[in-house]
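Observations on chain architecture
Spelled out, the chains give:
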Amino acid sequence: MTVDLQRLNVKLYLEPGCLLSPEETFRVFSQWIPESEDEILIDVADYSHIDRGPRTVLVGHDANYVLDNTDGRPGLLYGRKTDTNGPAADRLRNAFSSALRACRRLEVHPDLSGRARFRGSEALLVVNDRLRAPNTEETLEALRPDLDEFLARLYPGGPLRVQRDSDERERLTLRIEARDVLPVCSLLDRLGG
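In this text the structure is predicted, and so the values were computed from the model without any measurement. (Residues numbered from 1 in each chain as written. Predicted model: local features only at pLDDT ≥ 70, side-chain atom pairs only at ≥ 80, totals over all residues. Heavy atoms only, no water.)

**Some remarks on the pattern of salt bridges**
To keep it simple, the criterion reads: Whenever a carboxyl oxygen of Asp or Glu lies within 4 Å of a side-chain nitrogen of Lys or Arg, that contact is scored as a salt bridge. A run of DSSP states H or I qualifies as a helix once it reaches four residues; a run of E qualifies as a strand once it reaches two. Both are numbered from the N-terminal end. Between buried and exposed lies partly exposed: a residue is buried under 20% and exposed over 50% of the maximum accessible area for its type, with that area taken using a 1.4 Å probe on protein chains only.
In the structure shown here, the tally under the stated rule is 19 salt bridges. Across the pair E177 and R161 runs a salt bridge whose closest N-O atoms are separated by 3.2 Å. Taken together, the positions of E177 in strand β8 (residues 172-178) and R161 in strand β7 (residues 160-164) put the pair 16 residues apart, joining distant regions of the chain. The class of E177 is partly exposed, set by a relative accessible area of 26%. On the basis of relative accessibility, which here comes to 44%, the residue R161 falls in the partly exposed class.

Structure, rendered in structure tokens:
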């Protein structure tokens, strides 16, 4: 079985005790639109009336950035919307790099006064394409060589746990957890910035 790995979503969680309000995230995301040089960012939407879901969405042509609370845990969700070329390991690297860069931008943004800190040791990977990547053990096994190659670069030498959401009615969702505490900037360095 070959899997065409597209439309990747990556969520990185805020450290416990770090809270970003949808309003301040809306202001920061709005600043990103004219500053962006390498992607087309279009608009910001406020969904703060939804308790368990997206809170603030930065809409882009190729990807969205979301202050997200869908699973009851706040974090930043990067969602690629358009297809990309290259090996699956490169697509994973690109999606994670984009998510990590966005997290780092929030961490160092002066308006947030250092209140945004993300856990580099835990990520949620969702393949937002049920047709190309159904949520089955067979799909995971087909992805395993590329996934293992990528994760060995992101988390070299450390113990790692990858758990698939077994509900086959859901999208292919993998929870990735490393034992070591890792800052976002370290992971970005491992992926080449």
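**Overview of the side chain of S121**
The cut-off we apply is this: The contact rule is simple, with two residues in contact once any of their heavy atoms fall within 4.5 Å.
On the secondary structure map, S121 appears in strand β6 (residues 118-127). Ignoring any residue separated from it by four or fewer positions in sequence, one finds S121 in contact with Y155, I176, E177, A178, D180, V181 and L182.

**Re unusual backbone geometry**
Phi is positive for R7, close to 50°, though the residue is something other than glycine. Relative accessible area serves as the criterion here: at 27%, R7 is assigned to the partly exposed category. The residue S113 is not glycine, and still its phi comes out positive at about 50°. Among the structural elements, S113 can be located in the loop between α2 (88-108) and β6. Given the relative accessible area of 59%, S113 is considered exposed.

**Some words on the sheet that holds β8**
Picture the strands of a sheet paired through backbone hydrogen bonds; they go either parallel or antiparallel. Operational definition: Pairing between two strands requires that DSSP report at least two bridges joining them. Lines fitted to the C-alpha atoms define the axes, with helices restricted to the stretch that makes contact. Angles between their N-to-C directions range from 0 to 180 degrees.
Ordered by their spatial adjacency, eight strands build an open sheet running β2-β3-β4-β5-β1-β6-β8-β7, and the pairing between neighbours is antiparallel. One side of each edge strand has no neighbouring strand; the edge strands of this open sheet are β2 (41-46) and β7. Strand-to-strand twist in this sheet, taken as the mean axis angle between neighbours without regard to direction, amounts to 20°. As defined by bridge partners, β6 adjoins β8 across six bridges and the pair is classed as antiparallel. Considered in β8, the bridge of A123 is made with I176. Helix-sheet contacts for helix α1 (residues 22-35) involve β2, β3 (54-60), β4 (63-68) and β5 (75-80), and the interaxial angle to β2 is about 170°.

**Quick look at the pairing of β6**
Extensive coverage of β6 is indicated by the burial of nine of its 10 residues. Here six bridges tie strand β1 (residues 8-14) to β6, and the two strands are oriented antiparallel to one another. Residue pairing in the sheet places L12 in a bridge with A123 of β6.

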